[in-house]
Every structure is written in structure tokens, then in C-alpha cells.
Amino acid sequence: MSTPAPSDRYHALDSLRGFAMFLGVVLHAAISFMVNVPAFWPVRDLEPVPLADVFLIAVHDFRMQLFFVLAGFFGCLLYQRYGLVGMLKHRAKRVALPFVLALVFIVPTVQVTGLYAEIENVRAGAVRGPESVARGVAAKLVAANPEASAPQLILDYVLAGEAVARLPLVHLWFLYYLLLFTIAVAVLAPLLGRFTGTRLLLVTDAAFRRLIAGSGRVLVPAVLTFPLMLPMTWVVDTPSQWNPQWHIVGYYFAFFCFGWMLYRHRDLATAFGHRWRLHLLIANTVLLPLMLGLVVKGYEAERAGKDGVLAMKLAGYAVSVLYTWLMVAGLWGGFLHLFARERAWVRYLADSAYWCYLASITPIFVFQFLVRDWPAPGFLKCGLVTLATLAVLLLSYEYCVRYSVIGAILNGRKIRPKRSPVSSESAATGAAA
């Protein structure tokens, strides 16, 4: 088994992690354009786009699963390289501290912009889609002081301490769960360390190596993941509360553990991504349409009280887990093939992705709200929201974050490159030319 030197980097997997983050920005930018907007989303565009629903279901079925495989992979790297204490210190700086800072400085802006949109929804009357909890809060604020402006109502809400009392996790749940997994590692590592050199560990390692090197490296994990889907609704549930939802914790912890084991056998990391083109092709041309059909028809049958719902749900789960693992393995192999060599622009985007994802929801709300009533095709407005959001995030990263203390916390210290001075002689020569 090859052991990389401490200076080695998995450039392709860094890029893959950044891709998962940016894909989350694009996904959230598309939510207001869905036909069936989730209840928790405050902005609902007047020009819904059915493809937005397809996009969300597809991406939701592999993006965070891929992230936690990568988190387990890099978590094991840290553990083997720096030991348990070193890993915990690294996670405290790169995960716990950004989580706390985001809760203090980013989540309140999400609350304010989301509440502003919901106040305007209440005053507008009929707004498509299910009513959210925030809509109920907005309705009470408007009823208590109907003449007050939205900013005044929000200020009263904040000063009353309600914002702190209702502080949500929103998109930061992935950091919260990663911290839970880090605590689990801290507890389990000393216990499992006792099995080092035992026959049980040798048999386990041998079985995992056969799995990754063999033809069942996608099917077997899918089969093992299937039981974890049984407590879910029609798709993988998204955490929505501080109290851990243990069926979701267990589901994502399985992907984390897979990534951990994959680093322990990192000489097979490339083998896991073999036939990546075929995996991506089958996933998106065969399984995705089948999964969409089962979810849509099954959900409609459930609402109508028809028979056969359980069978459709189980079939949907089976297709879903296979789609998930095909996408994880396909993207893993694709990025190892296409981005194995470091490129400056890819490295830059990978570095910026963490900040861009953490800070993304507020500008998304703002741009979605600004365009929601425009009489323009939804797909054009969705593209505009996405591009405007990415522009704001990347500019803020370059000029406010990359070379700051925040940038050092998120990605390590960066030194701003200095422009080489032009000598007077060179300037004179250039002028003469």
C-alpha cells in the first residue's frame, strides 16, 4: 500500500470537493424556480421551471453523499498523518470555528432576508407552494403592526430576541454533522485501535480490498445503503433541526465510513473510479428517469390514497441508492482522470468553494426576490440569479476573504502576490518602442 509524503495533495479530490460545494450554490439558486418548492424556501418565482425540480432531485441524491465520502477520506488522511489529537485540532480550526463564525455572522443575514421575503409574501396574499414556519412568523408580525415597514418589523423581531431563539442550521447542517462524525471518530478510534493486527481487521481489510477491486464496488455499497433509506420519505431527508435526526446521521455516516476505509486502502482509490464514463451514463440516462417516475407517481398515489404506494417507495429507494453510488463512483473517477494534475484556476476555485458555499444563501435570496415578479422566462431568470450570485461570491472571496484571517481559517494562509516593479530603464525602453 503506497503512503504519500506529507507534502502530497490529492488535487483531483480537492477539486471534486470544490465542485460539490459550487453545485450546492447552483442547486439553491434554482429552488425558487421549482414547480414544487420546498416549504422552507421563502422565495417562489412566478415563472416555475419543471427542469428545476428534476435538477434538485438528481443533485440531492448524490451531492452530500459524495461530500461525506470525501470527508471520510480526508479525515482518515489527517488521522494517519497527525494522529487523533492533530486531527481534532485541524477539524476544530477548519470545521468547528467556521461553523460558529457562520452561525454568528452569516445565518442572521439568511434569517433577515428570508423573513423579509416572507413578510412580502404575506402582504401579497396568494403565494404558490406550501406555507413555511417563517411565513407564520411573518404573518404574526404583520398582524401585530400592519402599518410598519418590513425592515421595521424585522428590527423589532431581532430586538425582541426572537432571531436568536429561532437560530436555524439552514445549509450549515453539513458542518454540524461532520462535527458529530468527528466526535464519533474521537470515541471509536481508541476502541477500534485495539483490533490492529488482529485477524478480524485483516479479514475486514481484505474484504474491502476485494470489493473495491472487483465488479461489485457500486452494487454492494448500494445494497448495504438500502436499509438506511427505509425511514426516509420519498427522497433522502434533509436535516432541519438542532436535535440530530438519527436516521439521517446514520445514512451519511455510512458514506463517511466508506471514505475513511478508502483512504486506508488509498492505493485502490483509482480503482474505485474505474469505468466512470459508463457509470455516469447509466446513472443519468437509465436510473434518473426511472427514479423520477417512481418518486413523482408514488408521491401522487400516496396523496390520493391509492394502493401500491409501498411497492413504489421501495422500488424508488432501490433505484435511488444505485443512482447515488454510480454518481459518486463516476464523479470520483472522472475527476481523478481529468484533474489529477494541478492547475492554477482549478486550485483557485477549489480554495474559494468553501467560502462561496457558506456565504451563498443570502445573495441567492436577494437575487431570487429581485427577479421573482419579472415577466421573463424562468430559465433565463434562474441563470441570471446563478451568475449574479457566483459573481458576488467570487469577488467577495478575492477582495475580502482570500488573504484575510477568514481565508486563513478556511483554507490556510495565502500571501497576496506582489506586482514586480517595472524599472525606469524598462519603462523608458517600452516608451521608446
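Remember, predicted model here, so these are calculated numbers, not experimental data.

About the thresholds
In this numbering scheme, every chain counts its residues from 1 along its sequence in written order. Thresholds applied to this predicted model are a pLDDT of at least 70 for local features of residues and 80 or more for the giving and counting of side-chain atom pairs; totals over whole chains, interfaces and linings are not thresholded and use all residues. Side-chain calculation: all heavy atoms of the structure are included, whereas hydrogens and water are not. To qualify as a helix, a DSSP run of H or I must reach at least 4 residues; to qualify as a strand, a run of E must reach at least 2; elements of each kind are numbered from the N terminus. To estimate the expected span of a helix, subtract one from its residue number and multiply by 1.5 Å. The buried label goes to any residue with under 20% of its type's maximum accessible area, the exposed label to any with over 50%, and the partly exposed label to all in between, with areas taken from a 1.4 Å probe on protein chains only. Each C-beta atom gives one direction from the helix axis, and the arc is the one those directions make. By the convention used here, residues are in contact when the closest approach between their heavy atoms is within 4.5 Å. The pLDDT value tells you how sure the predictor is about a given residue, anywhere from 0 up to 100. Nonpolar cores are built from buried Ala, Val, Leu, Ile, Met, Phe, Trp, Tyr and Cys residues. Side-chain atoms within 4.5 Å join them into one set.

A. Highlighting helix α5 (residues 133-144). In a regular helix each residue adds 1.5 Å, so twelve residues correspond to 16 Å; α5 covers 17 Å between its end C-alpha atoms and thus fits that length. Within α5 the residues assigned to the buried category are Arg135, Val137, Ala138, Leu141 and Val142. The arc that holds every buried residue of α5, seen down its axis, measures 160 degrees, which confines them to one face. Turned more than 90 degrees from where α5 packs its buried face, Val133, Lys140, Ala143 and Ala144 sit exposed. Contacts from the buried residues of α5 go to α4 (107-124) and α6 (150-159).

B. Here's a closer look at the confidence of the model for the chain. Averaged over all residues, the pLDDT of the chain is 91; the fraction at 70 or higher stands at 94%. Contacts of residues 426-433 to residues separated by more than four positions or lying in other chains number one contact, the stretch itself having pLDDT below 50.

C. The arrangement of the nonpolar core in detail. Grouped together as the largest cluster of nonpolar side chains are 122 residues, with contacts concentrated most on Phe68, Phe174, Tyr252, Phe272, Tyr323 and Trp332. Looking at this core element by element, the count peaks at 17 residues for helix α3 (residues 63-105). What Tyr323 contacts, discounting residues up to four positions off in sequence, is Ala58, Asp61, Phe62, Ala283, Asn284, Leu287, Leu288 and Met291. Counting twelve residues, the second largest nonpolar core, distinct from the first, contains Val142, Ala148, Leu153 and Ile154.

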